[in-house]
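# Fold and geometry: a report
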Amino acid sequence: MPSFDLALFVPLLAAHLISDFALQTNSMVRSKDRPLPFLLHILITGACAYLLLGDFSEWRIPLLVVATHGLIDLVKIRLTGRLIDDLPAFIADQSAHLAVIFAISAIDWSRIGLFEPWWLEQNPVSYLQTLAVLSGLIANTLAAGHFIAKALPRMLSTDPQQLHQDSGLNGAGRYIGHLERLLLLIFVYSGQLSAAGLLIAAKSVLRFQKANESRRETEYILVGTLLSFTVGIVLAFATKQLMQ
């Protein structure tokens, strides 16, 4: 295998995104400073890595993932709110996890007989592409949503709770963001970038009708929309590149 092994990187990336975003609830995040929720999250991370890597006779690589993931999360828990704010902690935490995945993927485990997954002799391209699509979906919806929710108030030095808001549907804004970035992923993958412009225009008509009522709220929505589209396009291109 090459010095950088996509057969390791893609499953480990998918396992990280599933365990950190798809299978980690808000209540788990809030209570992760307690031993049991922390241990549960680490075990889920190891189980995802073990299952997606597909070498069921090999436990040392998943164990390495568990140890490093737990150490990184423990450092984040200790520092967040004391030495660094929530957004820098989130960025540093995810960057550290990705750096570990890159480092593990750069080791030639097959040379010492530690990585021989079942799918490598079946249809490896389809398997890795499926995991790449899954990673792109989670990154463009759940992971991007977490980042934007932390970044936007910090960028504008504004608490969204202080803005004038009507009794809109509970969580509708979050789901709108997920769906628009999902559409961006589809448009980028199919080569229809012009459709992204139509999506921006359509959302602008629907979301900015209250401009005369609340300028601050309108500007907040505008910045949030552009940030969501920027993150969505970047992650969509990254997903497309990974699939190739």
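These lines cover the structure that appears in this document, whether it is placed above or below. (Residues numbered from 1 in each chain as written. Predicted model: local features only at pLDDT ≥ 70, side-chain atom pairs only at ≥ 80, totals over all residues. Heavy atoms only, no water.)

### Remarks on the overall build of the protein chain
When helices and strands are tallied, the protein chain shows nine helices and zero strands. The order of α-helices and β-strands along the protein chain, N terminus first, is α-α-α-α-α-α-α-α-α. Of the contacts formed within the protein chain by residues at least 6 apart in sequence, a portion of 81% connects residues at least 24 apart. Summed over all atoms, the accessible surface of the protein chain reaches about 13700 Å², with 64% contributed by carbon and sulfur. (Helix = DSSP H or I, 4+ residues; strand = E, 2+ residues; numbered from the N terminus. Contact = heavy atoms within 4.5 Å. Areas by Shrake-Rupley, 256 points an atom, 1.4 Å probe, with all protein chains shown as cover.)

### Some remarks on the packing of helix α3 (residues 35–53) against helix α4 (residues 60–79)
Where α3 meets α4, the axes come as close as 9 Å, and the angle between the chain directions of the two elements is 145°. Note that α3 runs across α4; the crossing there is right-handed. Counted together, F38, H41, I42, T45, G46, A49, Y50 and L53 of α3 and I61, P62, V65, V66, H69, G70, D73, L74 and I77 of α4 form the full contact between these two elements. A class-by-class count of the residues in the contact of α3 with α4 yields 11 nonpolar, five polar and one charged. (Axes fitted to C-alpha atoms, helices over the stretch in contact; angles between N-to-C directions. Left-handed = near helix turned anticlockwise from the far one by under 90°. Nonpolar A, V, L, I, M, F, W, Y, C, P; charged D, E, K, R; others polar.)

### A word on the packing of aromatic side chains
Taken as a whole and judged by the stated rule, the model has five aromatic pairs. Both rings, one in Y50 and one in F56, keep their centres 5.6 Å apart while their planes meet at 55°; by these two values the pair is tilted. Classification of F56 as partly exposed rests on a relative accessible area of 45%. Among the aromatic residues, ring-to-ring pairing joins W118, W119 and Y127 into one connected group. The ring of W59 has R60 sitting right over it, with the charged end atom 5.9 Å from the ring centre. (Phe/Tyr/Trp six-rings, centres within 6.5 Å; stacked < 30°, edge-to-face > 60°. Buried < 20%, exposed > 50% of the residue type's maximum accessible area, 1.4 Å probe, protein only. Lys NZ or Arg CZ within 6 Å of the ring centre and 35° of its normal.)

### Remarks on the nonpolar core
With 32 residues, the main nonpolar core has L12, L52, I61, W109 and F115 as its most contacted residues. Of all the secondary structure elements, the ones that give two or more residues to this core are α1 (6–22), α3, α4, α5 (86–105) and α6 (124–156). In terms of residue count, the dominant contributor to this core is α1 (11 residues). Beyond its immediate sequence surroundings of up to four residues, W109 is in contact with L8, I61, L64, I104, L114 and F115. In terms of nonpolar packing, the next biggest core, distinct from the first, is built from eight residues, L87, A144, I148 and A151 among them. (Core = buried A, V, L, I, M, F, W, Y, C linked by side-chain atoms within 4.5 Å.)

### Focus on a nonpolar patch on the surface
A cluster of nonpolar side chains, namely L51, F56 and W118, defines an oily patch on the protein surface of about 340 Å² accessible area. With respect to the helices and strands, the residue L51 is situated in helix α3. Note on L51: relative accessible area 52%, which makes it exposed. (Patch = residues over 30% accessible without salt bridge, like charges linked within 9 Å, V, L, I, M, F, W, Y side chains within 5 Å. Salt bridge = Lys/Arg side-chain N within 4 Å of Asp/Glu carboxyl O.)

### Some remarks on the pattern of salt bridges
This structure, assessed with the given rule, holds three salt bridges. Note that D86 and K150 form a salt bridge whose closest N and O atoms lie 2.8 Å from each other. Separated by 64 residues along the polypeptide, D86 in helix α5 and K150 in helix α6 bring together distant segments of the chain. The exposure class of D86 is partly exposed, given its relative accessible area of 39%. A residue is classified by how much of its surface remains accessible, and K150, at 24% relative accessible area, is partly exposed.

### Some words on the side chain of H41
Along the polypeptide, H41 turns up in helix α3. Judged by its relative accessible area of 1%, H41 falls in the buried class. Sequence-distant contacts of H41, that is, excluding residues within four places in its chain, are made with S19, D20, Q24, M28, K32, H69 and D73.

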